[in-house]
Amino acid sequence: MHEIRFILNGVERRARVGVETSTLQMLRDEVGLTGTKLGCGEGECGACTILVDGRSVAACLQFALDCDGRTLTTIEGLAGDARARSLAASFVTHGAVQCGFCTPGMMVQATQLLAANPHPDATAAKRAIEGNLCRCTGYQKIVEAIVAAGESLDREAQK
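A brief structural summary. (Residues numbered from 1 in each chain as written. Predicted model: local features only at pLDDT ≥ 70, side-chain atom pairs only at ≥ 80, totals over all residues. Heavy atoms only, no water.)

1. A short note on the pairing of strand β2 (residues 11-17)
In this sheet, β2 lies alongside strand β1 (residues 2-8) in antiparallel orientation, the contact comprising seven bridges. Bridged to Ile7 within β2 is Glu12. Where β1 folds back onto β2 in an antiparallel hairpin, the turn is made up of two residues, including Asn9, whose phi is positive at roughly 55°. (Pairing = 2+ DSSP bridges. Helix = DSSP H or I, 4+ residues; strand = E, 2+ residues; numbered from the N terminus.)

See below:
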């Protein structure tokens, strides 16, 4: 077991992890944050998407040891983010949430998109979530929700 230190959702943390422990296992089993989901376990579905130093990462593929000295943001860490709040409201309004399993990964990716591109069009939204699988919505509602969230943030900024 190795002790690592990292910043998780704005809070300095420590964890004791084995060399084989994934970041996803650490988050769920050691830290107790269950918003990040285990989907395929192979980095193909996007359910375990988190941000590491501001870049999206499949937490199921990254070793927890690689988090030492890094900054991690999970879906729980987005609670205070205006972009994430706008996205959450837009996902509900547009019916972009059905079973909800893919939603945390979609929200992390979409929040990152809005941070980089506050006015995404449908093409940019599709590109941002292309690594995230959803078996319920057919993606159109999710894309519409992301575009609408950008427009909503723009209206709020103009007030």
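2. Looking at the nonpolar core
If you look at the biggest cluster of nonpolar residues, it comprises 20 residues, and the most contacted ones within it are Leu87, Phe91, Met106, Ile142 and Ile146. Of all the elements in the fold, those that place two or more residues in this core are α2 (82-93), α3 (103-116), α4 (122-128) and α5 (140-158). It is α5 that provides the largest number of residues to this core, a total of six residues. Excluding residues within four positions of it along the chain, Met106 makes contact with Phe91, Ile129, Asn132, Leu133, Cys134, Tyr139 and Ile142. Counting 18 residues, the second-largest nonpolar core is a separate cluster that includes Ile4, Leu8, Val52 and Cys60. (Core = buried A, V, L, I, M, F, W, Y, C linked by side-chain atoms within 4.5 Å. Buried < 20%, exposed > 50% of the residue type's maximum accessible area, 1.4 Å probe, protein only. Contact = heavy atoms within 4.5 Å.)

3. Observations regarding the environment of Cys60
By the secondary structure assignment, Cys60 is in the loop between β4 (55-58) and β5 (71-73). Distance in space between the C-alpha atoms of Cys60 and Gln25 is 7.5 Å, their sequence separation being 35 residues.

4. A few points about the environment of Cys102
Position of Cys102 relative to the elements: it lies in the loop between α2 and α3. A relative accessible area of 11% places Cys102 in the buried class. Each C-alpha atom, one on Cys102 and one on Gly39, is 8.6 Å from the other, the two residues being 63 residues apart in sequence. With sequence-adjacent residues up to four places away left out, Cys102 is seen in contact with Leu133 and Cys134.

5. Let's talk about the sheet that holds strand β3 (residues 49-52)
In spatial order, the strands read β2-β1-β5-β3-β4; together these five strands make up an open sheet with mixed pairing. One side of each edge strand has no neighbouring strand; the edge strands of this open sheet are β2 and β4. The sheet shows a mean angle of 40° between the axes of neighbouring strands, direction not considered. Together, β3 and β4 form the strand contacts of α3, whose direction differs from that of β3 by roughly 40°. (Axes fitted to C-alpha atoms, helices over the stretch in contact; angles between N-to-C directions.)

6. Focus: the environment of Phe6
By the element assignment, Phe6 lies in strand β1. For Phe6, a relative accessible area of 2% translates into the label buried. Expressed as a C-alpha distance, the spacing of Phe6 and Asp66, which sit 60 residues apart in the sequence, is 9.8 Å.

7. Quick word on the pairing of β4
Bridge count between β3 and β4: four bridges; the pairing is antiparallel. Looking across to β4, one finds that Ile50 is bridged to Val57. Here β3 folds back onto β4 in antiparallel fashion, the turn holding two residues, of which Asp53 has a positive phi close to 55°.

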